[in-house]
Amino acid sequence: MKVTYDARTDTVAVIFKEGAAIAESEEDRPGVILDYDERGELVSLEVVDASRRVTEPRKVEFHTTT
């Protein structure tokens with residue numbers, strides 16, 4: 001999994017499957033785009049206008065539970 005922030009487009013992307021071809025994109029909510037592969041599985045999630053929607057788009061915290 002990879003998380004990126006593009007300051008030029010003000011977009012945060014969470015990529016669940018790197019290198020997977022996107023067959024379909026759907027705007028689930030305004031500014032939230034879900035990308036799916038040919039089998040209908042979620043490939044990535046994009047948040048547009050991220051600086052308005054995300055607390056700190058340039059900061060990522062990762063937590064796991066046991």
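Residues numbered from 1 in each chain as written. Predicted model: local features only at pLDDT ≥ 70, side-chain atom pairs only at ≥ 80, totals over all residues. Heavy atoms only, no water.

Turning to the side chain of Asp10, a few remarks are in order. With respect to the secondary-structure elements, Asp10 resides in the loop between strand E1 (2-6) and strand E2 (11-15). Buried charge without a partner: Asp10 forms no salt bridge, and the closest opposite charge is Arg52, 6.2 Å away. Look past the residues within four positions of Asp10 in its chain and what remains in contact with it is Tyr5, Val47, Val48, Asp49, Ala50 and Ser51. (Helix = DSSP H or I, 4+ residues; strand = E, 2+ residues; numbered from the N terminus. Buried < 20%, exposed > 50% of the residue type's maximum accessible area, 1.4 Å probe, protein only. Lys, Arg positive; Asp, Glu negative; His and termini not counted. Salt bridge = Lys/Arg side-chain N within 4 Å of Asp/Glu carboxyl O. Contact = heavy atoms within 4.5 Å.)

A contiguous nonpolar surface patch, about 450 Å² in accessible area, is contributed by Met1, Phe16, Leu42 and Phe62. Examined against the element boundaries, Met1 turns out to sit in the segment before E1. (Patch = residues over 30% accessible without salt bridge, like charges linked within 9 Å, V, L, I, M, F, W, Y side chains within 5 Å. Areas by Shrake-Rupley, 256 points an atom, 1.4 Å probe, with all protein chains shown as cover.)

So, about the sheet that holds strand E4 (residues 32-36). Within the open sheet, the five strands sit side by side as E1-E2-E5-E4-E3. Their pairing is antiparallel. At either end of the open sheet lies a strand with only one pairing partner, and these are E1 and strand E3 (24-29). Here the strands of the sheet are splayed against their neighbours by 20° on average, with no regard to which way each runs. Bridge count between E3 and E4: five bridges; the pairing is antiparallel. Along E4, the bridge assignment pairs Glu26 with Leu34. (Pairing = 2+ DSSP bridges. Axes fitted to C-alpha atoms, helices over the stretch in contact; angles between N-to-C directions.)

Our focus in this paragraph is a negative patch on the surface. A cluster of acidic residues, Glu24, Glu26, Glu27 and Asp28, forms a negative patch at the surface. Relative to the helices and strands, Glu26 resides in strand E3. Residue class for Glu26 comes out partly exposed when judged on its relative accessible area of 35%. (Charge placed at Lys NZ, Arg CZ, Asp CG, Glu CD.)

We now examine the side chain of Thr11. Within the secondary structure, Thr11 sits in strand E2. By relative accessible area, which is 13% here, Thr11 ends up buried. Among the polar contacts listed, one links the side chain of Thr11 to the side chain of Thr9, at a separation of 3.1 Å. The residues touching Thr11, leaving out its near neighbours within four places in the chain, are Thr4, Tyr5, Asp6, Glu46, Val47, Val48 and Ala50. (Polar contact = N/O pair within 3.5 Å; in protein donor to acceptor, adjacent residues only side chain to side chain.)

Scored by pLDDT, the chain comes out at a mean of 93, with 100% of its residues at no less than 70. Between the elements of the chain, mean pLDDT differs from a low of 92, seen in helix H1 (residues 50-53), to a high of 97, seen in E4. (pLDDT = per-residue confidence, 0-100.)

In this section: the environment of Glu41. Relative to the assigned elements, Glu41 resides in the loop between E4 and strand E5 (42-48). Put simply, Glu41 and Lys17 are 24 residues apart on the chain and 9.6 Å apart in space, counted from C-alpha to C-alpha. When residues no more than four places from it in sequence are discounted, the contact partners of Glu41 are Lys17, Asp35 and Tyr36. Reaching out from Glu41, the side chain makes a polar contact with the side chain of Lys17 at a distance of 2.3 Å.

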